[in-house]
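# Reading the structure
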Amino acid sequence: MVKKSLHNPECFEEIINRIHLLDKNSHALWGKMNVCQMMRHCNHVLQVPLGKIKLPEINRLFAMVGKITKWEIQVFNNGIPRNMPTFQKLIINFECDFEEEKENLLQTLEEYSTCYKNNNLPGRHVLFGLMKEKDWGFLEYKHLHHHLKQFKV
């Protein structure tokens with residue numbers, strides 16, 4: 001099975017095209033977020049490696065679970081389980097504007113791409129531990145794929 005990465009130009013373009021397939025009436029197959037909230041959530045997750053959002057440190061048990069989860073997703077190339085808990089800072093449970101969030105997500109994707117191309121991705125994630133460029137590309141792709149699949153695109 002192919003491991004897709006946000007650092008692969010074809011995979012990056014695939015994600016962009018899938019975002020363009022969303023509309024304000026897109027409904028989720030699971031979860032509590034509407035399409036606008038999902039895009040803001042994905043935007044926030046991408047802002048973590050950009051250094052725009054700082055996640056709080058977590059205890060050792062959760063850090064261990066995070067490292068195991070990263071390893072499992074990479075080794076088995078499986079998806080992210082539905083309804084997984086997330087950091088409070090990344091939860092979006094308020095109304096927002098669809099067009100604004102879509103534009104913001106697309107802009108943040110471009111910023112992320114520039115950050116990657118300039119070798120400026122951080123070497124650590126609070127949950128997943130040590131991170132190489134390939135880890136960021138793979139996990140960010142998996143996260144976006146998970147939520148776009150949630151909205152049938």
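The paragraphs below set out a description of the structure included in this document. By convention here, each chain's residues receive numbers from 1 onward along its written sequence. Thresholds applied to this predicted model are a pLDDT of at least 70 for local features of residues and 80 or more for the giving and counting of side-chain atom pairs; totals over whole chains, interfaces and linings are not thresholded and use all residues. Working from all heavy atoms in the structure, the side-chain values ignore hydrogens and water.

With that out of the way, let us pick up the overall build of the protein chain. Helix and strand content of the protein chain: five helices and two strands. Going along the chain from the N terminus, every DSSP run of H or I of four or more residues is numbered as a helix, and every run of E of two or more is numbered as a strand. Secondary structure elements in the protein chain, listed N-terminal to C-terminal, are α-α-α-α-β-β-α. The size measure is the radius of gyration over C-alpha atoms, and the globule rule it meets is 2.2 Å times the number of residues to the 0.38 power. Its C-alpha atoms give the protein chain a radius of gyration of 15 Å, near enough to 15 Å, the size a compact globule of 153 residues would have. Every residue pair with non-hydrogen atoms within 4.5 Å of one another is taken to be in contact. Intrachain contacts of the protein chain at a sequence separation of at least 6 include 84% that bridge at least 24 residues. Distance between charge centroids for the protein chain: 9 Å, based on 21 positive and 17 negative side chains. Counted charges follow a simple rule, with Lys and Arg positive, Asp and Glu negative, and His plus the chain ends left uncounted. Positions of charges follow a simple convention, taking NZ of Lys, CZ of Arg, CG of Asp or CD of Glu.

Okay, the packing of aromatic side chains next. Think of it this way: a Phe, Tyr or Trp ring, Trp meaning its six-membered ring, pairs with another when their centres are within 6.5 Å, and the plane angle makes it stacked under 30 degrees, edge-to-face over 60, tilted otherwise. Under the counting rule described, the total for this entry stands at one aromatic pair. Look at W71 and F76: their rings are 6.1 Å apart centre to centre, the planes differ by 85°, and that puts the pair in the edge-to-face class. Using a relative accessible area of 54% as the deciding quantity, one classes F76 as exposed. Either the NZ atom of lysine or the CZ atom of arginine qualifies as a charge over a ring when it sits within 6 Å of the ring centre and within 35 degrees of the ring normal. Sitting over the face of the ring of F138, K3 holds its NZ or CZ atom 5.6 Å from the ring centroid. Only protein chains enter the calculation, and the probe is 1.4 Å; a residue is then buried if its accessible area is under 20% of its type maximum, exposed if over 50%, and partly exposed in between.

With that settled, consider the pattern of salt bridges. A side chain with one charge can pair with a side chain of the opposite charge if their charged atoms come near. Note on definitions: salt bridges are taken to be side-chain nitrogens of Lys or Arg within 4 Å of carboxyl oxygens of Asp or Glu. The full count for this structure, using the stated rule, is seven salt bridges. E14 is the partner of K4 in a salt bridge, and the nearest nitrogen-oxygen pair spans 3.0 Å. Here the residue K4 occupies a position in the segment before α1 (9-20), and E14 occupies one in helix α1, the gap between them amounting to 10 residues. A salt bridge links E101 to R40, with the shortest nitrogen-to-oxygen separation between them at 2.9 Å.

Within the element layout of this structure, Q37 appears in helix α2 (residues 35-47). What qualifies as a polar contact is a pair of N or O atoms within 3.5 Å, subject to a donor-acceptor requirement within protein and to the restriction that residues adjacent in sequence count only when both atoms come from side chains. Of note is the side chain of Q37, whose polar atom sits 3.0 Å from the backbone oxygen of F94. Every residue in contact with Q37, bar those within four places of it in the chain, is listed here: K32, I92, N93, F94, E95 and C96.

Structural measurements only, silent on function.
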